[in-house]
Amino acid sequence: MATVRIPTPLRKYTEGKDEVAVSGQNIRELLDNLDGTYAGIGERIRDDKGAVRRFVNIFVADEDIRFLDGLETPVKDADEISIIPAIAGGLR
Amino acid sequence: MDVHFVVIGAGGLGCPALLGLHAAGARRVTIIDDDRVELSNLPRQVLFATADVGAAKVDAARWSLLERTAVGADAPTLTTLHRHLDPAQLPALLDELCGAEPCVVLECSDSPRLKFAVHDACVAKGVGVVIGGVLGWRGQAMAVDPRQRDAACYRCLFEAPPPPELAPACATAGVVGAVAGALGHAVAMLAVGLAAQLDSQHPDSQASPERAPPASPAGTCVNFDLLSGRVRQIAPAPRPDCPTCRRNFETGPT
Ligand SMILES: [Zn+2]
């Protein structure tokens, strides 16, 4: 299983865990399985057409999947997958 | 350093960013904010004191920085704009502030939409910009230099701002004050890195021509997760279909 690093805003779906082990041959399967285990997290990452949301990036090791094969990017067991949303908040 | 720094937002991110610029020896800084100091700001907005409550943040920040200038040293030129920024006014404002001299913008506001708008306006004008954001224990800062075509812009990495329903506001999700402090200083250091690059290219630069220009932070996004202590650097390649910097490459700065 690959390790998926969960960003702070999504940890409420993973019982507070900052990394979870998820199986899947590619990113699409991995995200499906992630949502299967942690219901609700999937729609924060992908839109209703299944595309990765425009303010979210997914990295396999240090590579942006948009520069690989997108959702079809293959995943190996030892891979670390990072979900990185834009953090555009601030403080008055 | 003869670069003009424009800091948008003088709150939780802007205060430490201004301190960082001041410590780095910035000679010319413009501070833009429409807010006034409140008592609840004081723990993390470290330029302000109790006596500033009710004053415009831009003025209180300016006084506080001037007080931190060594006796006998040349005081930096600190200009203030106490006003609300409307994205439609950004191109004219950048012309006014950055038209005549090398300039780096630090985006430290509390609005995701404004961050993207400031970024886009800076790229269109060919002005370097650092975007900072914080949430919870996390912070993110990205340095963008539109003149460096091999470096990604913020839109190469994030195509659009999160919609309000999916972007928990800091007011509701909270921010660890010290994370804003760390991130504000990171924003300042990235801005100084962009400025060093500009300085070395300036015709009056004292950098010797045979010396290589300093390494630029352009295209680098630093992600802090300060609860776990994890810092991650992302330096994506420019996205070929990025509408923001592709337009810039086709037309050049306007
Ligand atoms: Zn771009």
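What you see is a predicted model; the values in this text were computed from it and never measured.

A. Fine view of the packing of aromatic side chains. Applying the stated criterion across every chain, the model contains 2 aromatic pairs over all chains. Ring centres of Phe116(B) and Tyr154(B) lie 4.9 Å apart, and the angle between their planes is 45 degrees; this geometry places the pair in the tilted category. With Phe116(B) in helix α4 (residues 112-125) and Tyr154(B) in helix α5 (residues 154-157), this residue pair connects regions lying 38 residues apart in the sequence. Note on accessibility: Phe116(B) and Tyr154(B) belong to one class, buried. Here the aromatic residues Phe116(B), Tyr154(B) and Phe158(B) are joined through ring pairs into a cluster of three or more. Over the aromatic face of Phe59(A) sits the side chain of Arg232(B), whose NZ or CZ is 5.5 Å from the ring centroid.

B. View of empty space enclosed by the protein. Under the definition given, this model contains 5 cavities of 30 Å³ or more. In this structure, the largest cavity encloses a volume near 130 Å³. Around the largest cavity, the lining residues are Arg5(A), Ser82(A), Ile83(A), Ile84(A), Arg138(B), Asn223(B), Phe224(B), Asp225(B), Arg230(B) and Arg232(B). Elements supplying a minimum of two residues to the lining of the largest cavity: β5 (80-85) of chain A together with β7 (221-225) and β8 (230-234) of chain B. A breakdown of the residues in the lining of the largest cavity according to their chemical character gives 3 nonpolar, 2 polar and 5 charged.

C. Highlighting the packing of helix α1 (residues 14-23) of chain B against helix α7 (residues 177-201) of chain B. Residues and elements named next belong to chain B. Direction vectors running N to C along α1 and α7 enclose 45 degrees, while the axes themselves pass 7 Å from each other. With respect to α7, the axis of α1 lies oblique. Regarding α1 and α7, the two cross each other, and that crossing is right-handed. On the side of α1, the interface is formed by Pro-16, Ala-17, Leu-19, Gly-20 and Leu-21, while α7 contributes Ala-180, Gly-181, Gly-184, His-185, Ala-188 and Val-192.

D. Representation of the pairing of strand β1 (residues 2-5) of chain A in the model. Residues and elements named next belong to chain A. In this sheet, strand β2 (residues 19-22) lies alongside β1 in antiparallel orientation, the contact comprising 4 bridges. Residue Ala-2 lies in a different strand from β2, and its bridge partner there is Val-22. Examined bridge by bridge, β1 and β5 share 3 bridges and lie parallel to one another. The residue of β5 that forms the bridge with Arg-5 is Ser-82.

E. Up close: the packing of helix α3 (residues 90-98) of chain B against α4(B). Residues and elements named next belong to chain B. Contact geometry for α3 and α4: axes closest at 10 Å, N-to-C directions at 55 degrees. One way to sum up the angle between α3 and α4 is to call them oblique. At the point where α3 passes α4, the crossing takes the right-handed sense. Counting all contacts with α3, which are made through Leu-90, Pro-91, Leu-94 and Asp-95, the residues of α4 involved are Leu-114, Ala-117, Val-118, Ala-121, Cys-122 and Lys-125. For the contact of α3 with α4, the residue count by class is 8 nonpolar, no polar and 2 charged.

F. Representation of the state of the cysteines within the structure. Residues and elements named next belong to chain B. Using the criterion set out here, one finds 1 disulfide over all chains in the structure. Disulfide partner of Cys-98: Cys-103, at an S-S distance of 2.2 Å. Neither residue differs from the other here; Cys-98 and Cys-103 are each classed as buried. This cysteine, Cys-221, is not joined by any disulfide, and Cys-153 carries the nearest cysteine sulfur, 12 Å off.

G. Spotlight on the coordination of the zinc ion. Residue and element names in this part refer to chain B. The protein atoms donating to the zinc ion are Cys-153 (SG), Cys-156 (SG), Cys-242 (SG) and Cys-245 (SG), with metal-donor distances spanning 2.2 to 2.3 Å. Of note is the zinc ion, whose 4 donor atoms meet at the metal with angles of 99 to 118 degrees in an arrangement that counts as tetrahedral. Between consecutive donors of the zinc ion, the numbers of intervening residues give the motif C-x2-C-x85-C-x2-C. Within this pair, whereas Cys-156 is found in helix α5, its partner Cys-242 is found in the loop between β8 and α8 (243-251), the two being separated by 86 residues in sequence.

Conventions we followed
Residues numbered from 1 in each chain as written. Chains lettered and ligands numbered in written order. Predicted model: local features only at pLDDT ≥ 70, side-chain atom pairs only at ≥ 80, totals over all residues. Heavy atoms only, no water. Phe/Tyr/Trp six-rings, centres within 6.5 Å; stacked < 30°, edge-to-face > 60°. Helix = DSSP H or I, 4+ residues; strand = E, 2+ residues; numbered from the N terminus. Buried < 20%, exposed > 50% of the residue type's maximum accessible area, 1.4 Å probe, protein only. Lys NZ or Arg CZ within 6 Å of the ring centre and 35° of its normal. 1 Å grid on protein atoms, 1.4 Å probe; cavity = no way out; pocket = protein on both sides within 12 Å on 5 of 7 lines; lining within 4 Å. Points joined across faces, edges and corners; volume = space filled by probe spheres on them. Nonpolar A, V, L, I, M, F, W, Y, C, P; charged D, E, K, R; others polar. Axes fitted to C-alpha atoms, helices over the stretch in contact; angles between N-to-C directions. Parallel < 35°, antiparallel > 145°, perpendicular 65-115°, else oblique. Left-handed = near helix turned anticlockwise from the far one by under 90°. Contact = heavy atoms within 4.5 Å. Pairing = 2+ DSSP bridges. Disulfide = S-S within 2.5 Å. Donors = N, O, S within 2.8 Å, 3.2 Å for Na, K, Ca; no water. Tetrahedral: all angles 85-135°; square planar, octahedral: opposite > 155°, others 65-115°.

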